[in-house]
Amino acid sequence: MQQNNSEVGSLEACLELDARDSLAHFRCHFELPEDTIYLDGNSLGALPKATSQRLSEVVQLEWGRDLISSWNKHGWWDAQKRLGDKVGRIIGAELGTVLVADSTSVNLFKVVAAALDLHPGKIIVSEQANFPTDLYMLEGLIRHMGRGHQLRLVNSPEDILAAIDSDVAVAVLTHVSYRTGRMLDMAAITAHAHARGALVVWDLAHSAGAVQLDLSGADVDFAVGCGYKFLNGGPGAPGFLYVAERLQDKVQQPLSGWFGHARPFAFEPSFEAAPGIQRFQCGTPPILSLTALEVGLDLILQAPQEAVRDKSVALGCLFKRLMEQECFEWGFRLASPPDASQRGSQICFAHPEGYAIMQVALIEKGVVGDFRSPDILRFGFAPLYVCYVDVWEAVQKLKLVMQERLWDQPRHRQRAAVT
Ligand SMILES: *Cc1c(COP(=O)(O)O)cnc(C)c1O
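Predicted model only: the values in this text are computed from it and were never measured.

Below, the discussion takes up the overall build of the chain. Across its full length, the chain carries 13 helices and 15 strands. Taking the principal axes of its C-alpha atoms as reference, the chain extends roughly 75 × 55 × 40 Å. In the chain, buried positions account for 56% of the 419 residues. Contacts in the chain between residues at least 24 apart in sequence constitute 71% of all its contacts with a sequence separation of at least 6. For the chain, the separation between the mean place of its 38 positive charges and that of its 49 negative charges on side chains is 3 Å.

Moving on, we come to helix α13 (residues 388–403). Under the 1.5 Å per step criterion, the end-to-end length of α13 is 23 Å for 16 residues, consistent within 8% with the ideal 22 Å. Along α13, the positions that sit buried rather than exposed are Y388, V389, D390, V391, W392, A394, V395, L398, V401 and M402. Where α13 is buried, its residues contact α1 (11–20), β2 (37–38), α11 (305–326), α12 (354–364), β13 (367–368) and β15 (376–380).

Looking at the element boundaries, K320 is found in helix α11. Non-local contacts of K320, meaning those with residues more than four positions away in its chain, are made with L334, P338, R343, I347 and F349.

Below, the discussion takes up the UniProt feature "binding site: pyridoxal 5'-phosphate" (unreviewed entry) in the chain. The UniProt record annotates "binding site: pyridoxal 5'-phosphate" (unreviewed entry) at S105, D203, H206, Y228, W258 and T284. These annotated residues cover 180 residues of sequence, and their C-alpha atoms sit far apart, with the largest distance between any two at 30.5 Å. By the element assignment, D203 lies in strand β8 (residues 199–203). The contacts of D203, once residues within four sequence positions are left out, are T104, D134, L173, T174, H175, V224 and G225. Inspection of the secondary structure assignment puts H206 in the loop between β8 and β9 (222–225).

Now for the UniProt feature "modified residue: N6-(pyridoxal phosphate)lysine" (unreviewed entry) in the chain. In the UniProt entry, the feature "modified residue: N6-(pyridoxal phosphate)lysine" (unreviewed entry) is given for K229. With respect to the element layout, K229 can be found in the loop between β9 and β10 (239–243). Beyond its immediate sequence surroundings of up to four residues, K229 is in contact with G41, N42, S43, G45, A205 and H206.

In this section: the sheet that holds strand β6 (residues 150–154). The 7 strands lie next to each other as β4-β10-β9-β8-β7-β5-β6, forming an open sheet whose pairing is mixed. Every interior strand has two partners, whereas the edge strands, β4 (98–101) and β6, have only one. Strand-to-strand twist in this sheet, taken as the mean axis angle between neighbours without regard to direction, amounts to 20°. By the bridge criterion, 5 bridges tie strand β7 (residues 168–174) to β8 in an arrangement that is parallel. Within β8, the residue paired with L173 across the bridge is W202.

What follows covers the site of the ligand. As a matter of local geometry, the ligand sits amid 13 residues, with S105, D203, H206, Y228 and K229 nearest to it. Side-chain polar atom of D203 to a nitrogen atom of the ligand: 2.8 Å apart, as the coordinates give it. Protein coverage of the free-state accessible area of the ligand, which is 390 Å², stands at 87%. Looking at the shell around the ligand, the elements that each hand over two or more residues are α5 (104–117) and α6 (132–145). Residues belonging to the shell around the ligand are distributed by class as follows: 4 nonpolar, 6 polar and 3 charged.

Attention now moves to the sheet that holds strand β12 (residues 346–350). For sheets, the rule is that strands pair by backbone hydrogen bonds, running either parallel or antiparallel. Pairing in this open sheet of 4 strands is antiparallel, and the strands run β11-β12-β15-β14 from one edge to the other. Whereas interior strands pair on both sides, the edge strands pair on one side only; in this sheet they are β11 (333–334) and β14 (370–372). Pairing of β14 with β15, which is carried by 3 bridges, proceeds in the antiparallel orientation. Across the sheet, the residue bridging to R372 is I376, located in β15.

Thresholds applied
- Residue positions are given per chain, counted from 1 along the sequence in the order it is written.
- pLDDT decides what is reported in this predicted model: residues at 70 or higher carry local features, side-chain atom pairs at 80 or more are listed and counted, and totals for whole chains, interfaces and linings draw on all residues regardless.
- Each side-chain value is derived from all of the structure's non-hydrogen atoms; neither hydrogens nor water enter the calculation.
- Think of it this way: any DSSP run of H or I at least four residues long counts as a helix, any run of E at least two long counts as a strand, and we number them from the N terminus.
- The cut-offs for exposure are 20% and 50% of the maximum accessible area for each residue type, with area from a 1.4 Å probe on protein chains only; residues under the lower value are buried, those over the upper are exposed, and the others partly exposed.
- The contact definition used throughout considers only heavy atoms, calling two residues in contact when any of these lie within 4.5 Å.
- The charged-residue count follows a simple rule in which Lys and Arg add positive charge and Asp and Glu add negative charge, with His and chain termini not counted at all.
- Throughout, a charge is located at the NZ atom of Lys, the CZ atom of Arg, the CG atom of Asp or the CD atom of Glu.
- To estimate the expected span of a helix, count its residues, drop one, and scale the result by 1.5 Å.
- UniProt positions are given in the numbering used here, feature names are shortened, and annotations may be inferred rather than shown by experiment.
- When DSSP finds at least two bridges between two strands, those strands are taken to pair.
- Working convention: axes come from line fits to C-alpha atoms, limited for helices to the stretch in contact. Angles between N-to-C directions cover 0 to 180 degrees.
- Nearness is judged by heavy atoms alone; a residue qualifies as near a molecule or strand once a single heavy atom is within 4 Å of it.
- N or O atoms within 3.5 Å of each other form a polar contact, as long as, within protein, one can give a hydrogen and the other can take it, and as long as residues adjacent in sequence are counted only when both atoms are side-chain atoms.
- Areas reported here follow the Shrake-Rupley algorithm with a probe of radius 1.4 Å; residue values treat only the protein chains shown as occluding.
- Three classes are used, and their members are as follows: Ala, Val, Leu, Ile, Met, Phe, Trp, Tyr, Cys and Pro are nonpolar, Asp, Glu, Lys and Arg are charged, and the others, Gly among them, are polar.

This is the structure in structure tokens:
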């Protein structure tokens, strides 16, 4: 078949998609280096332009000038709940059900411990391929606080439903897989678990800000997620946690620090949990990090979540089609589900030389994706700042790397500490 310029996947077609993109104007709200195509917003979201200014305001005026009075005067005191409600609007959760706090790992510990208290069952279901911190935190929880609890790890997403039987207390599942981008059916799995009396904790690290979520519609029990991925809160930004309103006053969490006390400033010698979601706070929150995260949240809240999801799907499909067309002859294999409705906002390809290829694309050609052992090249699409032409250029650069065997050099095989 004759190729022509207006064909789907041509540069012209991509330019046209960008011209018609209702989210295109968001890109100018981010600092992005000129010579970089950033396809790693699923690991560390880009820096919103407003963040530096806002941080310096908070440092100079709130911390520097108003000092301790800022806890009341500038909303430091209820920042975790205020930001939680903003996250709630992004993930389809009701007011008062989300808290921004701690890291995703710590939040997972808190909510799983709370869930286990609600249920006499001893089995915790998760996936072998879950993000390791989730499994490590479960191991630690069982080791130190378990009452005969055991992990039941499934090898494939197809086995999840069967593994959640009436012995199960809680299933701890990541909604969008960090390795493959595969997205689970949150509503169906939650309903299946509830029908067997089990609870579910959802990890939304790769979901929040990228795919449409409806936690309250799916009757979710507990969830956790990250602030520094698609929410653009900056490196090490606080994470979030969600607890359904129907459960909040029935649960306690083990990290019962003074910020979760009903009357922290009464300085009472014994703990009494605050009502509602605030009992999931622990200690004094990092105000500067919360400040940066709030800028990211305010930005994403201006974008309709439906448009964000539509664009993310379109970018992923374009990337997949272009990879098949331009690069598959060099032995790439799609490692994500072929059906876009089963993918989050990333797409992955396996290649035996994955690490070297990504390093070349990464360092020398200005395409930033990442590599996940043993052979996965991972490309994330943050719909607020990735455009269609980025996708086109990224694939062209990858094609060049393959055509000229630019990856085939010893220096690209040495692994850096952070991949
Ligand atoms: C990124 C990620 C985390 C990160 O946890 P931190 O505590 O922020 O380091 C946890 N779970 C999943 C599924 C992730 O993708």
